[in-house]
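Listed below are the residues making up each chain.
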Amino acid sequence: MRGMYNKRDDKIVAAGWNNKLKFESGLSLTADVNYSRATRKELVLENNTQFSRAGGVWPVDNVGLTFKTGDFSQFAPGLSYSDPKLLFLQDTIYGSGYGKVPSVKDDLSGFKLVGNLPAPESLSGWFSDFEAGLNYADRSKKKRQPEGSITIDNTKYTPVGEEFQYSPVDLSFAGLGLIPAWNVPGAVGRYMSFQPTESLNYLIPKAWDVKEKSTTAFLKANIDSSTFGIPMRGNIGLQVVNTDQSSQSNYWDATLNNRNGGVKPINGGKTYTDYLPSLNLSWQLANDQTLRFALAKQMARPRVEELNAGIEFGVDGATGKPGAKGGNPTLDPWRANAVDLSWEKYFGNKAYVAVAGYFKDLRSYIYKQTVDNYDFSRFVADYVPQPGQPQALPTGTFSAPQNGQGGQLRGVELTASLPLDLVSPALKGFGLSASATFNSSNITILDPDSANSVGNGPISLPGLSKRVYNLTAYYEANGFEFRVSQRKRSDFIGEIGNFNGARTLRYVVGESIVDAQIGYNFTEGSLKGLGLLAQVNNLTDQAYRTYAQTKDRPLEYIKWGRTFLLGATYKF
């Protein structure tokens with residue numbers, strides 16, 4: 001029996017300063033300075049218990065298993081695990097316990113300067129004004145992850161005391177009945193020893209720094225014109241984005257095992273520039289209809305943790321082939337050529353229906369893959385094989401986030417909003433809004449680490465659901481606001497943290513989440529400007545479920561519970 005404890009403390013500090021200057025010539029300047037810091041500290045503890053030996057012999061259990069398709073398989077143990085007095089903290093086949101104390105510090109500072117100038121009279125038939133600006137962002141992220149075994153003196157094997165016992169957990173849905181649950185930090189503090197470290201071979205690459213500096217210069221012309229007598233608005237522009245990314249870490253050079261190994265630094269990075277033109281147009285058609293068209297070249301930078309330089313590296317003593325896994329500080333961003341088209345029909349101030357379609361031609365995307373013939377010559381330059389072992393080869397396999405190329409994403413979204421006072425004046429303030437999105441992609445990837453969960457064959461892009469639905473019912477009147485929203489999506493491949501904290505791909509069962517909120521804004525009297533808000537997320541306590549390859553192989557069933565939020569705002 002294993003007890004798990006997870007604690008996370010997050011702290012976010014943000015500040016900004018915005019200034020706007022207007023000149024008699026019509027020129028306006030906007031300057032914005034911002035800074036934010038996010039810090040996270042975690043504590044992850046586990047300890048293991050099992051039956052004690054009787055006469056020096058470990059008890060052996062015969063466990064029956066009834067396999068069920070599309071439901072939880074049923075276990076039938078021969079022994080009872082419900083009595084905590086019979087379960088001892090001791091060295092099991094998994095050790096007596098393990099712990100981690102990860103921490104992350106993420107700093108982001110930036111500066112933005114934008115100038116706006118009315119269009120000269122010679123261009124006033126096409127453009128209303130022009131904007132030009134510069135946006136600079138400097139981000140750094142540091143991660144540390146000390147870990148270590150939680151040990152117990154083999155002369156002090158003991159059950160977890162009554163003072164640390166919680167109410168038992170009901171696992172009847174899997175045929176296991178009631179099992180003990182206990183205060184894991186209390187048990188660790190009373191009976192065990194935990195001294196986390198960063199110096200173990202496999203922990204060295206888990207400490208890394210990533211820096212990312214991006215400078216964006218942009219020019220935009222706002223359009224106010226007409227085509228064939230139809231009013232047309234929009235903009236055309238260009239962004240030039242320069243990105244400088246780098247990372248520093250260390251790795252354990254296992255090729256030096258015959259010389260007790262060694263810690264070596266590893267650094268990497270890349271600088272690249274993207275030119276991103278875009279065009280956005282909208283036509284105001286008769287009968288409150290709008291037609292929109294957009295054409296753009298788009299980019300999205302990699303997640304910061306994907307850029308870390310840390311790797312686990314080694315050489316196969318039998319073949320001499322080197323291999324490694326880790327991050328990739330030389331990643332290119334996601335890049336796509338995108339087209340969007342939508343039609344909207346409005347009824348009064350709030351009611352509308354809309355149909356929108358999108359198409360993205362992906363030129364570059366990111367997923368984890370294994371690359372063969374990777375150049376490891378700089379890693380094996382000092383390699384001295386053990387007697388009878390071959391010399392290290394210069395190339396081998398490297399598993400890390402890599403860039404894929406080619407493929408399309410496409411989809412259609414249907415949206416509607418209906419204030420119910422259009423149906424009856426008695427329903428003033430009540431309303432409904434809904435959307436349905438249907439997505440598809442011809443992109444398939446192979447994941448090197450997920451043979452047991454998503455299979456060895458090609459899979460679709462992580463995070464992509466083929467169907468997504470949203471429905472909201474609301475009431476807004478006389479300062480009151482009440483709404484209930486449901487978000488539903490079909491199955492998808494999620495990228496989640498696994499047992500050891502690393503990201504892995506997993507089939508996720510489609511979810512249906514219901515949120516609710518109620519608020520009141522004071523519009524008069526001494527409390528004018530005050531707003532109160534209460535929210536409940538995951539109102540129906542929807543479970544999070546994953547499965548391996550097919551739905552008749554359930555992996556996880558987790559209930560996170562409901563989240564309650566209270567808030568207040570005041571506007572001067």
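Rules used in this analysis
- Residues numbered from 1 in each chain as written.
- Predicted model: local features only at pLDDT ≥ 70, side-chain atom pairs only at ≥ 80, totals over all residues.
- Heavy atoms only, no water.
- Pairing = 2+ DSSP bridges.
- Helix = DSSP H or I, 4+ residues; strand = E, 2+ residues; numbered from the N terminus.
- Axes fitted to C-alpha atoms, helices over the stretch in contact; angles between N-to-C directions.
- Polar contact = N/O pair within 3.5 Å; in protein donor to acceptor, adjacent residues only side chain to side chain.
- Buried < 20%, exposed > 50% of the residue type's maximum accessible area, 1.4 Å probe, protein only.
- Salt bridge = Lys/Arg side-chain N within 4 Å of Asp/Glu carboxyl O.
- Phe/Tyr/Trp six-rings, centres within 6.5 Å; stacked < 30°, edge-to-face > 60°.
- Lys NZ or Arg CZ within 6 Å of the ring centre and 35° of its normal.
- Core = buried A, V, L, I, M, F, W, Y, C linked by side-chain atoms within 4.5 Å.

Colleague: Sorry if this is basic, but what is going on with the sheet that holds strand β28 (residues 503-508) here?
Modeller: In a beta sheet, neighbouring strands are held together by backbone hydrogen bonds and run either parallel or antiparallel to one another. Ordered in space as β27-β28-β31-β32, the four strands form an open sheet in which the pairing is antiparallel. Looking at the sheet topology across the chains shown, the edges are occupied by β27 (492-497) and β32 (554-559). For this sheet the average axis-to-axis angle between neighbouring strands, irrespective of direction, equals 40°. One ladder, built from six bridges, connects β27 with β28; its direction is antiparallel. Among the inter-strand pairings, isoleucine 496 is bridged to a residue of β28, identified as threonine 504.

Colleague: Explain the pairing of strand β1 (residues 2-22) here, please?
Modeller: Successive residues of a regular strand alternate their side chains across the two faces of the sheet. With 21 bridges connecting them, β1 and strand β2 (residues 28-51) associate as antiparallel partners. From the neighbouring strand, glycine 16 faces β2, where its bridge partner is asparagine 34. Remark: five residues form the turn of the hairpin made by β1 and β2, two consecutive strands paired antiparallel; glycine 26 in that turn has positive phi of roughly 100°.

Colleague: Got a minute to help me understand the side chain of glutamine 90 in this structure?
Modeller: Position of glutamine 90 among the secondary structure elements: in the loop between β5 (87-89) and β6 (97-100). Here phenylalanine 51 takes part through its backbone oxygen, which lies 3.4 Å from a polar atom of the side chain of glutamine 90.

Colleague: What am I meant to see in the environment of asparagine 349 here?
Modeller: Within the fold, asparagine 349 resides in the loop between β20 (334-347) and β21 (351-375). On the accessibility criterion, asparagine 349 (83% relative accessible area) is exposed. Measuring from C-alpha to C-alpha, the distance between asparagine 349 and serine 465 comes to 32 Å, with 116 residues separating the pair along the chain.

Colleague: What exactly am I supposed to notice about the pattern of salt bridges here?
Modeller: A full pass over the atoms with the stated rule returns 27 salt bridges. Two residues, glutamate 495 and arginine 303, come together in a salt bridge whose shortest N-O distance is 3.3 Å. Of the two residues, glutamate 495 sits in strand β27 while arginine 303 sits in the loop between β17 (289-300) and β18 (311-315), which places them 192 residues apart along the sequence. Owing to a relative accessible area of 34%, glutamate 495 belongs among the partly exposed residues under this scheme.

Colleague: Before we go on, may I ask you to explain the packing of aromatic side chains in this structure?
Modeller: Geometrically, a pair of aromatic rings is defined through the distance of the ring centres and the angle of the planes. Inspection of the entire model under this criterion finds 20 aromatic pairs. Ring geometry for tyrosine 251 and phenylalanine 379: centres 5.3 Å apart, planes at 65°, overall edge-to-face. On the criterion of sequence distance, the pair formed by tyrosine 251 in strand β15 (residues 230-252) and phenylalanine 379 in the loop between β21 and β22 (395-404) is long-range, its members being 128 residues apart. Residue tyrosine 251 is classed as buried on the basis of its relative accessible area, which comes to 4%. With centroids separated by 4.6 Å and ring planes inclined at 55°, the aromatic side chains of phenylalanine 480 and tyrosine 520 adopt a geometry described as tilted. Note that phenylalanine 480 is positioned in strand β26 (residues 480-489) and tyrosine 520 in strand β29 (residues 512-521), a separation of 40 residues in sequence. What makes tyrosine 520 partly exposed here is its relative accessible area of 25%. The rings of Tyr251, Phe313, Tyr374, Phe376, Phe379 and Phe398 are connected pair by pair, giving a single aromatic cluster. We note arginine 2 situated over the ring of tyrosine 94; from NZ or CZ to the ring centre the distance is 5.4 Å.

Colleague: I'm lost on the nonpolar core in this one. Help?
Modeller: In this structure, Leu362, Tyr365 and Ile459 are the most contacted members of the largest nonpolar core, which totals 15 residues. At the level of secondary structure, the elements contributing two or more residues to this core comprise β21 and β28. With three residues, the top contributor of residues to this core is β21. In this structure, Ile266, Ile311, Phe313 and Phe379 belong to the second largest nonpolar core, which totals 14 residues.

Colleague: I would appreciate a short explanation of unusual backbone geometry in the present structure.
Modeller: Comment: phi is negative for the bulk of residues other than glycine, and the bulk of peptide bonds are trans. Of note in the backbone geometry, asparagine 287 takes a positive phi value of approximately 60° without being a glycine. Tracing the backbone through its elements, the reader meets asparagine 287 in the loop between β16 (263-285) and β17. Here asparagine 287 falls in the exposed class, since its relative accessible area comes to 58%. For aspartate 541, which is not glycine, the phi dihedral falls at a positive 55°. Its location among the elements puts aspartate 541 in the loop between β30 (530-537) and β31 (543-547). Given a relative accessible area of 16%, aspartate 541 falls into the buried group.

Taken by themselves, the reported measurements are silent on function.
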